[in-house]
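Each chain, written out:
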Amino acid sequence: HPFSGRGPCEQPVRGVDRKGTAAESERRLLQASAELIVERGLELTSLADIGRRAGASHAAVNHRFGSKDELVDRLIEEAVELYAVTARQRLRGLSGSDALMELCTMYLDLVDGPDPLGRVHVVLWSEAVAHTAERRAAHLDWDRRLRDFIETLLEDAIAEGSVDPQLPVAATAISIVGSLRGIAMQLLLDSDQTDLRTAQVALDLMVRDALRPSVAG
């Protein structure tokens, strides 16, 4: 699956009640982290800030995540899970180019949606470009899995006859991911001047036109 990754990484605790409490505590901390990073960026968000937003102590945040890098890893895992669950629902029964276009629409819907987990990865991705290879690794892995899934959808569409068989599949997948990320960045940077629905329609038209089989003259 395009976004499938590791499941929630919970600290082992004994007892059903404690496990539920620990999981709920982590959810609150991750939600607070996503909200603050979307509002301020990662560099201006401290573990203490996250604790205050979530109603937890700095020590509790440190105990749960240990460092900002570990926090980022968990946020990416949670965002991956959000996208995976949503994709399983929205792509059910679709294949080829129809599945691809629904995937594009879904991606931008989540970036523009009410849950900050849907867009925190865009902020983290943009900041990771200027950071160490270690910080970029998790984002690179997600991008590669997304591109691989798009390539699979393109290959399915070629097999169905709805896409030009001469299409450079790998390059097209890179271009589609780049377009999605570009629109997502515009939504975050200049939401007042970025009409999501218009952008989605334009992207749909451009991609479908690029994929359409050529007509022999």
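What counts, and where the lines are drawn
Residues numbered from 1 in each chain as written. Predicted model: local features only at pLDDT ≥ 70, side-chain atom pairs only at ≥ 80, totals over all residues. Heavy atoms only, no water. Helix = DSSP H or I, 4+ residues; strand = E, 2+ residues; numbered from the N terminus. Buried < 20%, exposed > 50% of the residue type's maximum accessible area, 1.4 Å probe, protein only. Contact = heavy atoms within 4.5 Å. Areas by Shrake-Rupley, 256 points an atom, 1.4 Å probe, with all protein chains shown as cover. Core = buried A, V, L, I, M, F, W, Y, C linked by side-chain atoms within 4.5 Å. Expected span 1.5 Å × (residues − 1). Phe/Tyr/Trp six-rings, centres within 6.5 Å; stacked < 30°, edge-to-face > 60°. Axes fitted to C-alpha atoms, helices over the stretch in contact; angles between N-to-C directions. Parallel < 35°, antiparallel > 145°, perpendicular 65-115°, else oblique. Left-handed = near helix turned anticlockwise from the far one by under 90°. Nonpolar A, V, L, I, M, F, W, Y, C, P; charged D, E, K, R; others polar. pLDDT = per-residue confidence, 0-100.

### Considering the overall build of the chain
Next, step 1: The helix and strand inventory of the chain stands at nine helices and zero strands.
Next, step 2: The helix and strand sequence of the chain, counted from the amino end, reads α-α-α-α-α-α-α-α-α.
Next, step 3: Per-residue burial over the chain gives 43% buried out of 217 residues.
Next, step 4: The long-range fraction of contacts in the chain, counting pairs at least 24 apart against all pairs at least 6 apart in sequence, stands at 69%.
Next, step 5: Carbon and sulfur atoms provide 52% of the accessible area of the chain, an area that totals close to 11,400 Å².

### Describing the environment of Met185
Next, step 1: Inspection of the secondary structure assignment puts Met185 in helix 8 (residues 169–189).
Next, step 2: The spacing of Met185 and Arg119 is 66 residues in sequence and 9.4 Å in space, taken between C-alpha atoms.
Next, step 3: Not counting chain neighbours up to four residues away, the residues in contact with Met185 comprise Val122, Trp125 and Ser126.

### Side note on the nonpolar core
Next, step 1: Among the nonpolar cores identified, the biggest contains 58 residues, and Ile50, Leu75, Leu100, Leu103, Tyr107, Leu124 and Ile150 are the most heavily contacted of them.
Next, step 2: If one sorts the elements of this core by residue count, helix 5 (residues 96–111) sits on top with ten residues.

### Let's talk about helix 2 (residues 47–54)
Next, step 1: Most of helix 2 sits out of view: six of its eight residues are buried.
Next, step 2: Those residues of helix 2 that fall on the buried side of the exposure criterion are Leu47, Ala48, Asp49, Ile50, Gly51 and Ala54.
Next, step 3: Once helix 2 ends, the next one or two residues include Gly55, with phi positive near 75 degrees.

### Concerning helix 8
Next, step 1: The end-to-end C-alpha separation of helix 8 is 30 Å, in line with the 30 Å expected for 21 residues at 1.5 Å each.
Next, step 2: All buried positions along helix 8 are accounted for by Val169, Thr172, Ala173, Ile176, Val177, Leu180, Arg181, Ile183, Ala184 and Leu187.

### A look at the packing of aromatic side chains
Next, step 1: One pass over the structure, following the stated rule, counts two aromatic pairs.
Next, step 2: A ring pair is formed by Tyr83 and Tyr107, whose centres lie 5.6 Å apart and whose planes are at 50 degrees; its orientation type is tilted. Taken together, the residues span a long stretch of sequence, with Tyr83 in helix 4 (residues 68–90) and Tyr107 in helix 5 at a distance of 24 residues. You'll find Tyr83 and Tyr107 in the same group, each marked buried.
Next, step 3: With centroids separated by 5.6 Å and ring planes inclined at 75 degrees, the aromatic side chains of Tyr83 and Trp142 adopt a geometry described as edge-to-face. Here Tyr83, found in helix 4, pairs with Trp142, found in helix 7 (residues 133–160); they are 59 residues apart in sequence, far enough to count as distant.

### Observations regarding the packing of helix 5 against helix 9 (residues 196–211)
Next, step 1: Following both chains from N to C, one finds helix 5 and helix 9 inclined at 155 degrees, their axes separated by 11 Å at the closest point. As far as their axial angle goes, helix 9 and helix 5 are roughly antiparallel. Regarding helix 5 and helix 9, the two cross each other, and that crossing is right-handed. On the side of helix 5, the interface is formed by Ser97, Asp98, Leu100, Met101, Cys104, Thr105, Leu108 and Asp109, while helix 9 contributes Leu196, Arg197, Gln200, Leu203, Asp204, Val207, Arg208 and Leu211.
Next, step 2: Split into classes, the residues belonging to the contact of helix 5 with helix 9 amount to eight nonpolar, three polar and five charged.

### Section: the confidence of the model for the chain
Next, step 1: Chain-level pLDDT for the chain is 85 on average; 87% of the residues reach the 70-or-more range.
Next, step 2: Across the chain, element-level confidence peaks in helix 5 with a mean pLDDT of 94 and bottoms out in helix 1 (residues 16–40) with 81.
Next, step 3: Predicted confidence for residues 5–19 stays below pLDDT 50, and this span has 17 contacts to residues more than four positions away or in other chains.

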